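Examining the three-dimensional arrangement
Residues per chain, in single letters:
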Amino acid sequence: MNYLRLIILFFLVIFNILSAQCPEFESTSIIPNCLPSCDICVGDLLTINLKGNDLPNGGKVEFYINSTAGFNPYQGVGTPIGTSNIITPGGNCRICPELMGFLIDACGVEQNNEFIIMWTGSGFNTSNFVFDFAAGNNTGGGQNADIGGGCSVTAGGVSSVGGCSATAVGAGFNLPANSVWVIFTSSAVNYSYDFSSVCALGLKVYVSKSSCARSIGAFTNGGGTGSRTQSFSINGCGCGTSATYDLNDPNMMGDGDAWAGGVSNGGCAATISGAGNYIPAKSTITPFTFTIPTTWCDKTYEIVGIVNPKPDPM
């Protein structure tokens, strides 16, 4: 009888982004039991079952072998032996994004340095974002149009997000779930703010700026009469909300006036209402079954599974 000995070491490689929106594998089982290793015969079936959260819908887990311990297929090492398919329900509309806050009275040049802060919910594409400023803040020409309604977003503004590690993203970018997106309302942004309150959330931070150089403020400062209402929506989703503030609100003090569920003044720093309640989506991963070939006779291999597309690391 042709008996072959094979030891298989199984390691599942996944780049955890942050505790916030980590795509992750929560459990692994192998038939026969090969955790951490096993002897197996030529012709035997090896079946790997995985459970995970927030893995990329429509993506794959790709399995590789190599005789070198600790090899990394993301670095082009290993021989592919098959894949499992990933299905993750929900997508962009599963959990709606939330407006965390916006700066009403900017530091520096007013019209250049106002910003909006969004929590991304279960994620959405930056090109689907619409921010509708109050009608009085759209006057004076096309450069003062709404974001997503005359003006778009472009990458930039990282240097204005002080105290945070932020990634600049432009139009057409798929923002991941449970992260923070900062949008400066003018392409001429040039003031560096303290975003330590955002950093403290422990979420990935992205930043963009409007493609338009505004000639008037996106938000009306205090001291006038009446109120201002602005809103956001996501094209293709039933998500959105509006925010109204009174121009005579007693909490308005000048530079640093902000809305975050209500008006306050935190100086030249980001004021936020906090992130939303994120619940990971359960991913379904098809079992991976592989028949041990004769070429594996008297060899020791390590099997590594990686996610494709590769998760975005922090």
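These lines cover the structure that appears in this document, whether it is placed above or below.

Further remarks concern the pattern of salt bridges. Applying the stated criterion across every chain, the model contains one salt bridge. Salt-bridge contacts for E26 lead to K282; the nearest nitrogen and oxygen are separated by 3.2 Å. A residue pair is termed long-range when its members are at least 10 positions apart, and E26 in strand β2 (residues 24-31) and K282 in strand β23 (residues 282-285) qualify at 256 residues. A relative accessible area of 41% places E26 in the partly exposed class.

Here we come to the packing of aromatic side chains. All chains considered together, the criterion is met by 20 aromatic pairs. Consider the rings of F115 and F195, whose centres lie 5.1 Å apart with planes at 45 degrees: the pair is tilted. Of this pair, F115 sits in strand β7 (residues 115-119) while F195 is found in the loop between β17 (193-194) and α1 (196-199), placing the two residues 80 residues apart along the sequence. Owing to a relative accessible area of 2%, F115 belongs among the buried residues under this scheme. Here the aromatic cluster, defined as three or more aromatic residues joined through ring pairs, consists of F102, F124, F129, F131, F133, W181, F219, F232, Y245 and W259. In this arrangement the basic side chain of R214 is found over the ring face of F133, its NZ or CZ atom lying 4.9 Å from the centre. One cation-aromatic arrangement involves K310 over Y74; the distance from NZ or CZ to the ring centre is 5.0 Å.

Cis peptide bonds are those with omega within 30 degrees of zero, and the linkage from I31 to P32 qualifies with -5 degrees. With respect to the secondary-structure elements, P32 resides in the loop between β2 and β3 (45-53). Positive phi values are uncommon outside glycine, yet D54 reaches one of about 60 degrees. Along the chain, the position of D54 falls in the loop between β3 and β4 (60-66).

A word on the environment of V153. The topology assignment puts V153 in strand β12 (residues 153-155). When its relative accessible area of 6% is taken as the criterion, V153 is described as buried. Spatially, the C-alpha atom of V153 lies 24 Å from that of G261, the residues being 108 residues apart in sequence. Look past the residues within four positions of V153 in its chain and what remains in contact with it is T126, I147, G170, A171, W181, I183, S208 and K209.

Looking now at the side chain of T271. The topology assignment puts T271 in the loop between β22 (263-265) and β23. Ignoring any residue separated from it by four or fewer positions in sequence, one finds T271 in contact with M100, G101, I117, A258, A260, S264 and G266.

This brings us to the nonpolar core. Judged by nonpolar contacts, the single largest core of 28 residues is most densely connected at I116, F129 and W181. Those elements that place two or more of their residues in this core are β6 (98-103), β7, β9 (129-132), β16 (180-184), β19 (227-234) and β20 (240-246). Core analysis: the second largest hydrophobic core is formed by 25 residues, M100, L103, W119 and F184 among them.

A few words now on the pairing of β3. Of the strand pairs in this sheet, β2 and β3 are connected by seven bridges, and their pairing is antiparallel. Across the sheet, the residue bridging to I31 is T47, located in β3. Relative to β23, β3 runs antiparallel, the two being bridged by three bridges. Looking across to β23, one finds that K51 is bridged to T284.

Rules behind the numbers
As a convention, each chain's residues are numbered from 1 in the sequence order in which they are written. Where totals are concerned, whole chains, interfaces and linings use all residues; where local detail is concerned, this predicted model gives features only for residues with pLDDT of at least 70, and gives and counts side-chain atom pairs only at 80 or more. No hydrogens and no water enter the side-chain calculation; it runs on all heavy atoms of the structure. A side-chain nitrogen of Lys or Arg and a carboxyl oxygen of Asp or Glu constitute a salt bridge if their distance falls within 4 Å. In this description a helix means any DSSP run of H or I spanning at least four residues, a strand means any run of E spanning at least two, and both kinds are numbered starting from the N terminus. Relative accessibility decides the category of a residue: with a 1.4 Å probe and only protein chains considered, values under 20% of the type maximum give buried, values over 50% give exposed, and everything between is partly exposed. Between the rings of Phe, Tyr and Trp (Trp by its six-membered ring), a pair exists once the centres lie within 6.5 Å; its type follows the angle of the planes, with under 30 degrees stacked, over 60 edge-to-face, and the other angles tilted. Counting as a charge over the ring demands two things of the Lys NZ or Arg CZ atom: a distance within 6 Å of the ring centre and an angle within 35 degrees of the ring normal. Between two residues, a contact is recorded if the distance between any of their heavy atoms is within 4.5 Å. For the purposes of this section, nonpolar cores are sets of buried Ala, Val, Leu, Ile, Met, Phe, Trp, Tyr and Cys residues that join through side-chain atoms within 4.5 Å. Should DSSP find at least two bridges between two strands, the strands are taken to pair.

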